[in-house]
Amino acid sequence: MHFTVLGASLALLGACGSPTTRATLPPHADEAAAGFRDVAERWSQREDEVLAALGGGDPTLAQRFGDVPALDGPDSEVETDWLALRLRTEGVSKAEHALAQWADSARLPRTANGAAWELRLERELVIRAVREERFRLEHESALPRGASALVRAMVMTVGITRPLPGQPPREGWVDRRLDEIRIAARDATLDTTELAELEDALDALERGASPSTTAGLVRLRVELESLRRAPARSAELGRLEQALGAHAGTSLPLPVVRSRLERAEVGARDAVASFVARVSAEDARAAEKEAVPLLFRTASCGEPENSSRMRRAAPPPERAAACAEVRLARDANGDKETLAMWIVLHDHLAVALWSLARADGAQSPDAAVMGHRLLSAMSPEARARLARLASVQPTVAVTAGLAADMLARRGPFGTAGVAKAWAAFGDAPLDVVEREVLAKMP
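Since we're looking at a predicted model, the values are computed, not measured.

**Section: the state of the cysteines**
Counting across every chain of the model gives 1 disulfide. Each sulfur in the disulfide pair Cys-301 and Cys-323 lies 2.0 Å from the other. In this structure, the disulfide formed by Cys-301 and Cys-323 twists by about -105° around the S-S bond and is classed as left-handed. Taken together, the residues span a long stretch of sequence, with Cys-301 in the loop between α14 (281-290) and α15 (309-312) and Cys-323 in helix α16 (residues 317-331) at a distance of 22 residues.

And the structure:
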């Protein structure tokens, strides 16, 4: 059994049975504590079962929840067919079934803090994670449009499932996934940006995979050369709103999101100007350059010692850049580092607005780029990559923008306090962070 928040909760409850405490308990308190312990123990087992089911066939999920898969485990079918749609679908279905077996939430007191609150929150986050993966399957499994996301997951899987020294590479599953994309591409169309994003993902896979995958990559790239080009495709407005609800937890209409991010971008630009005035011209130029590799970097929000298994877990891809912002804001030390941090927050807000412009058609993508200029010292090639990210991964871009707005809400000198509280809380959808962290800060 994994150590979770429940372990700490049970330890506290166990203390209620000591002679010193027993005399002060109201009538039936022992019975209530015992009942809660029973519920907590059953939920800890259920949580393990749910998360193990989600990780079945998808090593990226297993790694997120702290179970790095081995190449020589008992289930050879799963290990030789990782990331297959069938196995991922079965995993989510098993997780949903396991979750449905736990119906004890009505027995938990509705407190604002304490063990019962921790347990309710843990249960909520597990439910949200299962729903999130169901949404991912239903909206990203269609190939070839979902190919970039699949290839990025393949890159992660190759990185965490290296064979032991002396073992031959076992990456036949990579060829199978690449062939699935190739076959799907024969009768489909992708626009120029989608093709470029897929090529970027394939480049990363080629760098990390073994030479045994070369033939599959060559076959796929030959197929992509003959693929019919579609006109530039705008992100579907309703789909982006749904994706932000599933991954970021926001229920706001996109025009409201746009207005919020535009205000935050102005505030971030003012913060950058205030810190530029505090440093030398040389340090300002250095900060502009140092911000570039920090843009859309990925990191975990939660600390390893967090008692909650969900909140210490690695974030999903859609929130990984937001978590990197939290780390950056928490650790910024001195005016120069703080300036670089504010440049990153500003540029994340700008790229999020590029995504929204493409999604709702209020501005052309080119007009959006010109209207929301980046402040980092970026090459044209790097700027083009960010434009592709804004187009093909709008949920990542807008979620990072929303997180930047949350971090910036207390002004130029308040980001560190928000970031420290957020990092102590850990990863969660942004609406949960708003409710449990920002709303409770003095």
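**A few points about the packing of aromatic side chains**
Enumeration according to the criterion identifies 2 aromatic pairs in this entry. With 6.0 Å between their ring centres and 80° between their planes, Trp-82 and Trp-173 make a pair best called edge-to-face. With Trp-82 in the loop between α5 (76-79) and α6 (85-100) and Trp-173 in helix α9 (residues 172-185), the pair connects residues that are 91 residues apart, well separated along the chain. Judged by its relative accessible area of 2%, Trp-173 is buried. A centroid spacing of 5.4 Å and a plane angle of 50° characterise the contact between Phe-275 and Phe-413, whose relative ring orientation is tilted. Linking Phe-275 in helix α13 (residues 254-276) with Phe-413 in the loop between α20 (394-408) and α21 (415-425), this pair joins segments that are 138 residues apart in sequence. Taking the relative accessible area as the measure of exposure, Phe-275 reaches 2% and is therefore buried. For the cation-ring pair, Arg-311 lies above Phe-425, with the distance from its terminal atom to the ring centre recorded as 4.7 Å.

**Structural notes on the side chain of Ser-376**
The residue Ser-376 is located in the loop between α18 (365-371) and α19 (380-392) in this model. For Ser-376, a relative accessible area of 6% gives the class buried. In this structure the side chain of Ser-376 is engaged in a polar contact, spanning 2.6 Å, whose partner is the side chain of Asp-347. Leave out the neighbours within four places in its chain, and Ser-376 touches Glu-288, Ala-291, Val-292, Leu-295, Ile-343 and Asp-347.

**A closer look at the packing of α6 against helix α7 (residues 115-140)**
Axis separation between α6 and α7 bottoms out at 10 Å; the angle between their running directions is 150°. When the axes of α6 and α7 are compared, the pair comes out roughly antiparallel. Like other packed secondary-structure pairs, α6 and α7 cross with a definite hand, here left-handed. Judged by residue contacts, Leu-85, Arg-88, Thr-89, Val-92, Ser-93, Ala-95, Glu-96 and Leu-99 of α6 engage Val-126, Ile-127, Val-130, Glu-133, Arg-134, Arg-136 and Leu-137 from α7. Broken down by class, the residue content of the contact of α6 with α7 amounts to 8 nonpolar, 2 polar and 5 charged.

**Some remarks on empty space enclosed by the protein**
Under the counting rule described, the total for this entry stands at 2 cavities of 30 Å³ or more. The volume enclosed by the largest cavity comes to roughly 80 Å³. Taken together, Arg-64, Leu-125, Arg-128, Ala-129, Glu-132, Met-310, Arg-319, Asp-427, Ala-428 and Pro-429 form the lining of the largest cavity. Of the residues assigned to the lining of the largest cavity, the class counts are 5 nonpolar, no polar and 5 charged. By volume, the second largest cavity is sized at about 40 Å³. Along the walls of the second largest cavity sit Leu-54, Gly-56, Asp-58, Leu-61, Arg-88, Val-92, Glu-133 and Leu-137, which together make up its complete lining. Residue assignment for the lining of the second largest cavity shows that the elements contributing at least two residues are α6 and α7. By residue class, the composition of the lining of the second largest cavity is 4 nonpolar, 1 polar and 3 charged.

**Some words on helix α12 (residues 237-247)**
Buried within α12 are the following residues: Leu-240, Ala-243, Leu-244, Ala-246 and His-247. Taken down its axis, α12 places every buried residue within 165° of arc, on the same side. Buried positions along α12 lie against α7, α13, α16, α17 (334-360) and α20. Following α12 by one or two positions, Gly-249 adopts a phi angle in the positive range, close to 85°.

**Quick word on α7**
For α7, spanning 26 residues, the distance from its first C-alpha to its last is 37 Å, which sits close to the expected 38 Å at 1.5 Å a residue. Counting buried residues along α7, 20 of its 26 residues qualify, which places the element largely inside the surrounding structure.

About the cut-offs
- Residues numbered from 1 in each chain as written.
- Predicted model: local features only at pLDDT ≥ 70, side-chain atom pairs only at ≥ 80, totals over all residues.
- Heavy atoms only, no water.
- Disulfide = S-S within 2.5 Å.
- Helix = DSSP H or I, 4+ residues; strand = E, 2+ residues; numbered from the N terminus.
- Phe/Tyr/Trp six-rings, centres within 6.5 Å; stacked < 30°, edge-to-face > 60°.
- Buried < 20%, exposed > 50% of the residue type's maximum accessible area, 1.4 Å probe, protein only.
- Lys NZ or Arg CZ within 6 Å of the ring centre and 35° of its normal.
- Polar contact = N/O pair within 3.5 Å; in protein donor to acceptor, adjacent residues only side chain to side chain.
- Contact = heavy atoms within 4.5 Å.
- Axes fitted to C-alpha atoms, helices over the stretch in contact; angles between N-to-C directions.
- Parallel < 35°, antiparallel > 145°, perpendicular 65-115°, else oblique.
- Left-handed = near helix turned anticlockwise from the far one by under 90°.
- Nonpolar A, V, L, I, M, F, W, Y, C, P; charged D, E, K, R; others polar.
- 1 Å grid on protein atoms, 1.4 Å probe; cavity = no way out; pocket = protein on both sides within 12 Å on 5 of 7 lines; lining within 4 Å.
- Points joined across faces, edges and corners; volume = space filled by probe spheres on them.
- Arc of directions from axis to C-beta.
- Expected span 1.5 Å × (residues − 1).

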